[in-house]
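The primary structure of each chain is shown beneath.
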Amino acid sequence: MNDPERPNPDTLLAAVQRDDARQRRGKLKVFFGMAPGVGKTYAMLEAARRELSAGRDVVIGYVETHGRKETDALTEGIPAMPRLQTEYRGVSLTEMDLDAVLARHPQLALVDELAHTNAPGSRHPKRWQDVLELLDAGIDVFTALNVQHVESRAEAVRQITGIPIRETVPDSVLDGAEFELVDLPPEELRTRLAAGKVYVPESARAAQDNFFRPGNLSALRELALRFGAEHVGQDVLAYRQQHGVGDPWKTGQRLMVAVSPSPSSASLVRWTRRLAGELQAGWFAVSVELPQPLNENQQARLSRNLALARELGAQVITTTDDDVARGLLRVAREQNVTQIVVGKPVGWQAIELFRGGSLLNRLIRDSGHVDIHAVRAEGEASAPRGAVGPRLRAQSARAYGVATAVVAAVTGINAVLQHWIGYQALALIYLLSVVILAMFVGRGPTLLAATLTALSWNFFFAEPRLTFRISTVTDLMLFLTYFVVALAMGHLAARLRSEQAAERRREQRATALYLLTRELAQASDFADLLAIVIREVSKAADADVSLSLPQEGLEGALTTYFASSWALPEKEQSVAAWAFRRRQPAGRDTDTLPSSAGLHLPIMAGERALGVLSLRFRGAAPLTTERRDLLDSIVRQIGLVLDRQRLRDAEQQAKLVAESERLSKALLNSVSHEIRTPIAAITSAASSLDRSGMDPGFQHAMVGEIQGAAWRLNRLVGNLLDIARLETGHVKPKLDWCDVGDLVHATLKDLKNELEGREVKVEIGPGLPLVRMDFVLMQQVLGNLLLNAAAYTETGTPIQVSALAQPDRLVLTVTDRGPGLPPEVLPLIFEKFYRAPSAPAGGTGLGLAIVKGFVEAQGGRVSAENRAGGGAAFTIKLPLTKAPPVMEATT
Amino acid sequence: MALVVDDEVQIRRLLRVCLESDGYRVHEASTGQEAITEAAQRKPDVVVLDLGLPDMDGVEVLKRLREWSRVPVLVLSVRDREEDKIAALDHGADDYVTKPFGAGELLARLRVARRHADPAPELSVFRSGALEVDLTARVVKVEGKEVKLTATEYSLLRLLVQHAGKVLTHRHILREVWGPNYAEQTHYLRVYMAHLREKLEREPGKPRLLITEPGVGYRLVEES
């Protein structure tokens, strides 16, 4: 038989190879140079032509030849992908058509200028992100890059040339890439430049001379050579890792850099990345969240710094502590960090005295075996230190006003009170007001109030009045003590307050998570679970939520879950699909497609993405780290719960498989026995008939054997077909008005041979109405019950069939006087392939399963019990409705 | 002469032995197309037709045959579902026997089918067992005693007598006796059949004349 479902081996092999290709990540080869004009594109095209002639499938994803003839000539013969034209503010820009290249799926794609910034509105802001996607799709990429565009070298290049570098490529992108250094002596480069053979963008003409100074070029060349050399070493490392040689961090060093909102943190991060690269060490970027909330500007800068660290390959950790040094050291211990990088403090910070020394001093004191690097924070330091958001400024202005007003009010009260109490006691009332004030306003206003009250007391109440002079030593002592106590109280109260606020935020986060967990735990099934996820996330994030789940059977395709509160537009769907495929967040407030309306977070369980949660926030404000953290926690939690549910389902599935294995084994056992026995009877009887000269009696007996065996086989096949019809849901009873007497008689007539020698009593109540049932199914039901009774009881014991009508149902009973049913088999007796231990030889254990299936298909019930006085009783109950009236025929 | 249409060699061989022992000359066909050609050329007296043929369905063969021929057709099939039986009977099959089958029964059914096809002299009196029906005088007797039937009971009985030995489907009977609008009202048939059995059968609970064909219809047995 030719089964169309059976896959042919060639298709299978092709599928395996496709899978391999998909799993294999593409290789990146970088044509690396010290400056524009050294001939990277040329070298790249030459290499590509070699690949092409070696039979590889090569396309040009994007190559800019700047119209130079010899370069142009090299592109000839290499198929080029059409470019994407975009219009931005009236300027027409061309970009690589990423999707086209992905769809074309060549073996090798040429993508020039890795550091290029894409046109606004492209999928990724940067071309290197496009390249990563190509690599992930299993496409090899040739690209070109100058040393100045390497993230960790950009700072050095700026120092050498004095030109700030805006377009940079994270070092992590270059890890594992193959480097081909395209080198040209500086003199020759300058000659080419003078001959106009080097393309320099219009905007950079001014900087051109400065950049291409001989001294600069030598320095850049050295930088490029050194970077190239380092990467050759990295290749070896990558090889060792891939092949399980040695441990991943050869030097056993683990680095950590402290990241703050300060702009100088960025250069600290780069410095650490360089050190980590040289030491071939893993590294962490740690930010300590203090009880005092950051303003929006600080928040944004911190996010940027952390994003930079992430891009450069750091593992980012955010922790909460009211002390930076303590938080850093805790993380360092947890992560077995061996070296910590912090910024070198500038100037003298008085406040540090309160905290037991500067951050650096305390780190050094408490760090134990951990080394501390204090690095001078470079560049960009001009960013305003206290760039406070307008909202916060207005708020604090109000607080200062309140503090001043309170001081004035208390001064008024004191002016009245001074007639009854001494002026020294009035200081206590001032102190009281400062303490109370500190509970409601920040540190600054409290300090202002402390100062104002001290001066007011001195001026208005201390002798001599209305001067700032203090006449007695006691008063002087009192004034100074008061001043210090008020300051300290104010400071402590304010700190207490901000700690409480931080505590409250943590509390809120914990509560939100707790509520989510509690709600999720109450879900009764998967659908319920998903509905709760959507509702709770929508509440917690104040956003419209869409949940996309992988489409069954279609790899990479997502469907929006129907209960989602946000119907994803097509564009957002593709962002969600990207987030799912790459298992990275995408959309607004991320690096990928930040112009999207929604934030798309993949729901992860280990390394697998289970789906994507897409949020459209109802407010317009950018996401704070705090809320983002909360969302991350929630999504993680959801991932855990969904994964658990998935495992539970998988377990269920495994159980089903085990059950079906058991069934098929039982089927094989019983069916092979049931088929072989009658076949054996037929073949032996037929072969003995073949011998000539036998008496007619023997002949007759043999023919009877053959007939009996054949009928038995026929019944077995019928049973198997019936059970198959039941299993596949193909039993659709044709309900019709039937005469029960007719049914019983027809059944008995059919089974005349099988029931030979058995007395079957039929008792049908008088006036039994017509019953709606499927005559043929019921005939089989009744037949199976009768055969069952005959098989399990002694020949000669009576079998009885009785039918009677109750008001709303027909009760049909088959009873015998055999040994009855052991009580333990009663619950199992209608299971398919179940055979009672006491069952006689022969039989498949299908008969009663078919009875149950057929009766239930007609809306009836079947049950088995033991009769009083011995024997078994099988009862069928079918619903009874009134038959319509019958008229005489009209013709 | 009989034409045996079946794609299984074993069944054709068996039928040939069986039919030749009863005096038939046998021709064989293994496909529907072949069956139609053979039937047109040989003009058989009876056709034994399998439903599962390689090139077309047996019911299709039946339909084509019935376009120009009234040869008695006995369907012999493994399909035992009532829908299949009804479809075959409604498309002009004279009888339906399911595999596995007994040779004796098959030959008896063939005889009945052939007799109905013969334009035999109009029988005015039908006898089977103790039943005697005089179609001209409209008199029904059981064991010589006249039995009173209502008009509907009589027209039901007359229909069965006219097709004695053949299976009549529910739809066919309902249409003929009650009219086309009553083709689905099987409970009419059940009620009147019970009445008839009550009046004509010796043991109404164990009918010997008016036989139920489960899920398909009824048959009036011819007993000598």
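Parameters at a glance
Residues numbered from 1 in each chain as written. Chains lettered and ligands numbered in written order. Predicted model: local features only at pLDDT ≥ 70, side-chain atom pairs only at ≥ 80, totals over all residues. Helix = DSSP H or I, 4+ residues; strand = E, 2+ residues; numbered from the N terminus. Buried ≥ 20, exposed ≤ 12 C-beta atoms within 10 Å, placed from the backbone. Contact = placed C-beta atoms within 7 Å. Pairing = 2+ DSSP bridges. Nonpolar A, V, L, I, M, F, W, Y, C, P; charged D, E, K, R; others polar. Axes fitted to C-alpha atoms, helices over the stretch in contact; angles between N-to-C directions. Right-handed = clockwise from strand over helix to strand, strands pointing away. pLDDT = per-residue confidence, 0-100. Parallel < 35°, antiparallel > 145°, perpendicular 65-115°, else oblique. Left-handed = near helix turned anticlockwise from the far one by under 90°. Core = buried A, V, L, I, M, F, W, Y, C linked by C-beta atoms within 7 Å. Expected span 1.5 Å × (residues − 1).

### Thoughts on the overall build of chain A
Alright, step 1. When its secondary structure is counted, chain A shows 26 helices and 24 strands.
Alright, step 2. Across the 891 residues of chain A, 33% fall into the buried class.
Alright, step 3. Considering only intrachain contacts with a sequence separation of at least 6, the fraction spanning at least 24 residues in chain A is 69%.

### Notes on the overall build of chain B
Alright, step 1. When its secondary structure is counted, chain B shows 8 helices and 12 strands.
Alright, step 2. Burial statistics for chain B: of 224 residues in total, 35% are counted as buried.

### Observations concerning the pairing of strand 6 (residues 125-128) of chain B
Side chains on a regular strand alternate between the two faces of the sheet.
Residues and elements named next belong to chain B.
Alright, step 1. Alignment of strand 6 against strand 7 (residues 131-134), held across 4 bridges, turns out to be antiparallel. By the bridge assignment for strand 7, Val125 is matched with Asp134.
Alright, step 2. Hairpin remark: strand 6 followed by strand 7, antiparallel, with 2 residues in the connecting loop; positive phi at Gly129, about 60°.

### Observations concerning the interface of chain B and chain A
Alright, step 1. The interface is formed by 21 residues belonging to chain B together with 22 residues belonging to chain A.
Alright, step 2. The dominant element in the side of chain B that touches chain A, judged by the number of residues it contributes, is helix 8 (residues 186-200) of chain B, at 6 residues.
Alright, step 3. Here the side of chain B that touches chain A is composed, by residue class, of 9 nonpolar, 9 polar and 3 charged.

### Overview of unusual backbone geometry
Working note: non-glycine residues mostly have negative phi, and peptide bonds are mostly trans.
Alright, step 1. Here the bond from Lys99 of chain B into Pro100 of chain B is cis, since omega is -5°, no more than 30 degrees from zero.
Alright, step 2. The topology assignment puts Pro100 of chain B in the loop between strand 5 (95-98) and helix 5 (103-117).
Alright, step 3. Positive phi outside glycine occurs at His105 of chain A, with the angle close to 45°.
Alright, step 4. Along the chain, the position of His105 of chain A falls in the loop between helix 4 (98-104) and strand 5 (108-111).
Alright, step 5. Of note in this structure, Glu113 of chain A is not a glycine but carries a positive phi near 50°.

### Remarks on helix 26 (residues 847-857) of chain A
Residues and elements named next belong to chain A.
Alright, step 1. Among the 11 residues in helix 26, 9 count as buried, and that is most of the element.
Alright, step 2. Along helix 26, the positions that sit buried rather than exposed are Gly847, Leu848, Ala849, Ile850, Val851, Lys852, Gly853, Phe854 and Val855.
Alright, step 3. Summarising the contacts, the buried residues of helix 26 are in contact with helix 23 (696-727), helix 25 (775-792), strand 23 (861-866) and strand 24 (872-879).
Alright, step 4. Looking one or two places after helix 26, you find Gly859, whose phi comes out positive at around 80°.

### Overview of the sheet that holds strand 21 (residues 799-806) of chain A
Sheets are built from strands that pair by backbone hydrogen bonding, the pairs being arranged parallel or antiparallel.
Residue and element names in this part refer to chain A.
Alright, step 1. Reading across from one edge, 19-21-22-24-23 is the order of the 5 strands in this open sheet, with mixed pairing throughout. The open sheet has two free edges, formed respectively by strand 19 (760-764) and strand 23, since each of these has just one partner strand. For this sheet, the mean angle separating the axes of adjacent strands, direction not counted, is 15°.
Alright, step 2. As judged from the 6 bridges shared by strand 23 and strand 24, these two strands associate in the antiparallel manner. What sits directly across from Arg861, in strand 24, is Lys877.
Alright, step 3. Across the sheet, helix 24 (residues 740-750) touches strand 19, strand 21 and strand 22 (809-816), and the angle it forms with strand 19 is around 170°.
Alright, step 4. Each of strand 21, strand 22 and strand 24 is contacted by helix 25, which is oriented at about 20° to strand 22, the strand it contacts most.

### Description of the pairing of strand 5 of chain B
Residue and element names in this part refer to chain B.
Alright, step 1. Summarising the sheet, strand 4 (residues 73-77) and strand 5 pair through 4 bridges and their orientation is parallel. Note that in strand 5 the partner of Leu76 across the bridge is Val97.
Alright, step 2. After leaving strand 4, the chain enters helix 4 (residues 82-90) and then returns to the sheet as strand 5, a path that is right-handed.

### Here's the deal with the sheet that holds strand 12 (residues 217-220) of chain B
Residue and element names in this part refer to chain B.
Alright, step 1. The sheet built from 3 strands is open, its strands ordered 10-12-11 with antiparallel pairing. Either end of the sheet is taken by a strand with one partner, and the two such strands are strand 10 (167-169) and strand 11 (210-213). Across the sheet, the mean angle separating the axes of adjacent strands is 30° when strand polarity is ignored.
Alright, step 2. Alignment of strand 10 against strand 12, held across 3 bridges, turns out to be antiparallel. Looking at strand 12, one finds that Leu168 is bridged to Tyr218.
Alright, step 3. Relative to strand 10, helix 7 (residues 170-177) is tilted by about 75°, and along the sheet it contacts strand 10 and strand 12.

### Remarks on the environment of Arg208 of chain B
Residues and elements named next belong to chain B.
Alright, step 1. Along the chain, Arg208 turns up in the loop between helix 8 and strand 11.
Alright, step 2. Along the backbone, Arg208 and Glu223 are 15 residues apart, and their C-alpha atoms lie at a distance of 9.4 Å.
Alright, step 3. If near-sequence neighbours (up to four positions away) are discounted, Arg208 is found in contact with Gly129, Glu201 and Val221.

### Re the confidence of the model for chain A
Detailed conclusions should not be drawn from predicted coordinates in areas where pLDDT is low.
Alright, step 1. Looking at chain A as a whole, the pLDDT averages 79, with 88% of positions reaching at least 70.
Alright, step 2. Overall, residues 379-392 of chain A carries pLDDT values under 50, and its contacts beyond four positions in sequence, including any with other chains, amount to 15 contacts.

### Things to note about the packing of helix 18 (residues 443-461) of chain A against helix 19 (residues 473-521) of chain A
Helix-helix packing is characterised by the crossing angle of the two axes and by the distance between the axes.
Residue and element names in this part refer to chain A.
Alright, step 1. One way to put it is that helix 18 packs onto helix 19 with a least axis distance of 9 Å and a crossing angle of 160°. Put simply, helix 18 runs roughly antiparallel to helix 19. Helix 19 is crossed by helix 18, and the crossing has right-handed handedness. Of the residues in helix 19, those touching helix 18 at Arg443, Thr446, Leu447, Ala450, Thr453, Ala454 and Asn458 are Phe479, Tyr482, Phe483, Ala486, Leu487, Gly490, His491, Ala493 and Ala494.
Alright, step 2. Among the residues making up the contact of helix 18 with helix 19, the classes are represented as 10 nonpolar, 5 polar and 1 charged.

### Some words on the nonpolar core
Residue and element names in this part refer to chain B.
Alright, step 1. In terms of nonpolar packing, the biggest core is built from 55 residues, with Val48, Leu49 and Val75 touching the most fellow members.
Alright, step 2. Looking at this core element by element, the count peaks at 6 residues for helix 8.
Alright, step 3. For Val48, the contacting residues outside a window of four places in its chain are Ala2, Val4, Val5, Leu15, Leu74 and Leu76.

### Brief notes about the packing of helix 17 (residues 423-438) of chain A against helix 18 of chain A
All names here are of chain A.
Alright, step 1. Closest axis-to-axis distance for the helix 17/helix 18 pair is 10 Å, and the angle between their directions is 165°. Classed by the angle they form, the pair helix 17 and helix 18 counts as roughly antiparallel. The crossing of helix 17 and helix 18 is right-handed. Residues Tyr423, Leu426, Ala427, Tyr430, Ser433, Val434, Leu437 and Ala438 of helix 17 pack against Thr446, Ala449, Ala450, Thr453, Trp457 and Phe461 of helix 18.
Alright, step 2. Classifying every residue of the contact of helix 17 with helix 18 gives 11 nonpolar, 3 polar and no charged.

### So, the environment of Ile723 of chain A
Alright, step 1. Positionally, Ile723 of chain A belongs in helix 23.
Alright, step 2. Not counting chain neighbours up to four residues away, the residues in contact with Ile723 of chain A comprise Lys832, Leu846, Ala849 and Ile850 of chain A.

### Focus: helix 23 of chain A
All names here are of chain A.
Alright, step 1. With 32 residues, helix 23 ought to run about 46 Å at 1.5 Å a step, and its terminal C-alpha atoms sit 46 Å apart, in line with that.
Alright, step 2. Of the positions making up helix 23, those classed as buried are Met702, Ala709, Leu716, Asn719, Asp722 and Ile723.
Alright, step 3. Gly729 sits one or two positions beyond helix 23 and adopts a positive phi of about 70°.

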